[in-house]
Amino acid sequence: MARILITSAIPYINGIKHLGNLVGSQLPSDLYARYMRARGHEVMLICATDVHGTPADLAAGFRLSFDHFGRSSSPQNHRLTQHLAGRLADAGLIEEVSEQQVYSEADGRFLPDRYIEGTCPNCGYDRARGDQCENCTKQLDPTDLIEPRSAISGSTDLEVRETKHLYLKQSQMRDQLNTWIDSKSDWPILTTSIAKKWLHDGDGLQDRGITRDLEWGVPVKRGTEDWPGMEGKVFYVWFDAPIEYIACAAEWTEANGLSDADWERWWRTDKGADDVRYVQFMGKDNVPFHTLSFPATIMGSGEPWKLVDYIKSFNYLNY
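Residues numbered from 1 in each chain as written. Predicted model: local features only at pLDDT ≥ 70, side-chain atom pairs only at ≥ 80, totals over all residues. Heavy atoms only, no water.

K.L.:
Would you explain helix α6 (residues 260-267) in this entry?
P.N.:
Every α-helical turn comprises 3.6 residues, leaving residues that sit three or four positions apart pointing alike. Among the residues of α6, those classed as buried are Trp263, Glu264, Trp266 and Trp267. On an axial view of α6, the arc spanned by its buried residues comes to 155°, and they lie on one face. (Buried < 20%, exposed > 50% of the residue type's maximum accessible area, 1.4 Å probe, protein only. Helix = DSSP H or I, 4+ residues; strand = E, 2+ residues; numbered from the N terminus. Arc of directions from axis to C-beta.)

K.L.:
Teacher, can you tell me more about the sheet that holds strand β9 (residues 158-168) here?
P.N.:
For sheets, the rule is that strands pair by backbone hydrogen bonds, running either parallel or antiparallel. In space, the 4 strands of this open sheet follow the order β5-β4-β9-β10, with antiparallel pairing throughout. The open sheet has two free edges, formed respectively by β5 (109-110) and β10 (208-209), since each of these has just one partner strand. (Pairing = 2+ DSSP bridges.)

K.L.:
Please explain the pattern of salt bridges as it appears in this structure.
P.N.:
Once their charged atoms are close, side chains differing in charge can pair, the charge on each being opposite to the other. By the definition in use, this model includes 20 salt bridges. Close ionic contact of Asp131 with Arg114 constitutes a salt bridge, the shortest N to O distance being 3.0 Å. Linking Asp131 in the loop between β7 (128-129) and β8 (146-150) with Arg114 in the loop between β5 and β6 (116-119), this pair joins segments that are 17 residues apart in sequence. Overall, Asp131 belongs to the buried group, its relative accessible area being 0%. A salt bridge links Lys271 to Glu264; its shortest N-O distance comes to 3.2 Å. Exposure remark for Lys271: the relative accessible area of 43% places this residue in the partly exposed category. Each of Arg114, Arg129, Asp131 and Glu134 takes part in one network of salt bridges that share partners. (Salt bridge = Lys/Arg side-chain N within 4 Å of Asp/Glu carboxyl O.)

K.L.:
What's the story with the sheet that holds β7 in this structure? I'm lost.
P.N.:
Spatially, β7-β6-β8 is the arrangement adopted by the 3 strands of the open sheet, whose pairing is antiparallel. Each of the sheet's edge strands pairs with one partner strand only, and the pair in question is β7 and β8. Where β6 lies against β7, 2 bridges are found, and the strand directions are antiparallel. Residue pairing for β7: Glu117 is matched across the bridge by Arg129.

K.L.:
Explain a nonpolar patch on the surface here, please?
P.N.:
There is a patch of nonpolar side chains on the surface, built from Leu19, Val23 and Leu317 and spanning about 210 Å² of accessible area. Locating Leu19 in the fold gives a position in helix α1 (residues 19-38). (Patch = residues over 30% accessible without salt bridge, like charges linked within 9 Å, V, L, I, M, F, W, Y side chains within 5 Å. Areas by Shrake-Rupley, 256 points an atom, 1.4 Å probe, with all protein chains shown as cover.)

K.L.:
Hey, could you run me through the side chain of His165 in this one?
P.N.:
The residue His165 is located in strand β9 in this model. One polar contact links His165 to Gln101, side chain to side chain, over a distance of 2.8 Å. Excluding residues within four positions of it along the chain, His165 makes contact with Glu95, Glu96, Val97, Glu99, Gln101, Thr211, Arg212, Asp213, Met230 and Lys233. (Polar contact = N/O pair within 3.5 Å; in protein donor to acceptor, adjacent residues only side chain to side chain. Contact = heavy atoms within 4.5 Å.)

K.L.:
Would you take a moment to explain the packing of aromatic side chains for this structure?
P.N.:
In this description, an aromatic ring pair is defined by two values, namely the gap between the centres and the angle between the planes. Applying the stated criterion across every chain, the model contains 10 aromatic pairs. Site record: aromatic cluster; members linked through ring pairs are Trp198, Trp238 and Phe289. Looking at Arg161, its charged tip hangs above the ring of Tyr103, at a distance of 3.6 Å from the centre. When the ring centre of Phe314 is taken as origin, the NZ or CZ atom of Lys312, which lies over that ring, is 5.2 Å away. (Phe/Tyr/Trp six-rings, centres within 6.5 Å; stacked < 30°, edge-to-face > 60°. Lys NZ or Arg CZ within 6 Å of the ring centre and 35° of its normal.)

K.L.:
Hey, could you run me through helix α5 (residues 237-255) in this one?
P.N.:
The sharpest bend along α5 reaches about 45° and sits at Tyr245. Most of α5 sits inside the fold, with 17 of its 19 residues counted as buried. Taken from the residues just after α5, Gly257 is the one with a positive phi, measuring 70°. (Bend = angle between axes of the 7 residues up to and from the residue.)

Okay, structure coming up:
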């Protein structure tokens, strides 16, 4: 009997329940989990709502067989995100950078990347977001957009102001990530082609900001200690959201009166997870973060976390 760990892409959406979340990640992960259980294997199927990103309106419903459906605002995710940030800093993989960030006069606030829309400089799509173009999947910064506007108010009265943020030095891990991805000969072509594109196109894998000027999110700390200069800032959603996969299992054990050993055997290779097969399901827009950024986080920590064995990715469902 094998042990199968399965995660479905953590949904956060804007306004409506998104059929793509169901078809592109949650339904196939549920089918796979039910099949593996029927074969007699021990299965852990987990997911969560990303409550730190764009407002989520997707219930943990649809009669899917999640062992646990968590939330990225949980105390477990706060602690683990801050812990991993501290480990990365100790490893020299986090850098403080002064950068330009978009401020909306009409909204009276710095705008999160996904609250800025405009035209993609790569493909010309006119509804690209400030972190990624959903049409061509290119990773973006808000200042890359042509004719940017606030997704909150629609205002174009935007101003670029200087602020300081923490960056994950992904570029230092390019070779390690490339070797790891090359070892996955059974991955779908869609998965590996997107990962390779991000690794090698243009200037290759870029360092990425992991903090934002927001009131809602995981407060920036270096482990349990305050992070000087980062007061009032929170971790960026694409840093803390994938960490919730691990934290979700810790939530599950607490909800069921179990011990840390019960979730660690799924996630730590020094606690028994070396014989776990870990499978992820997601739409193609999530592939770069799950093949590069999240692996860079857990590899860079220097701790024995379980890496994904197989990523099943899907093209968009248009309707």
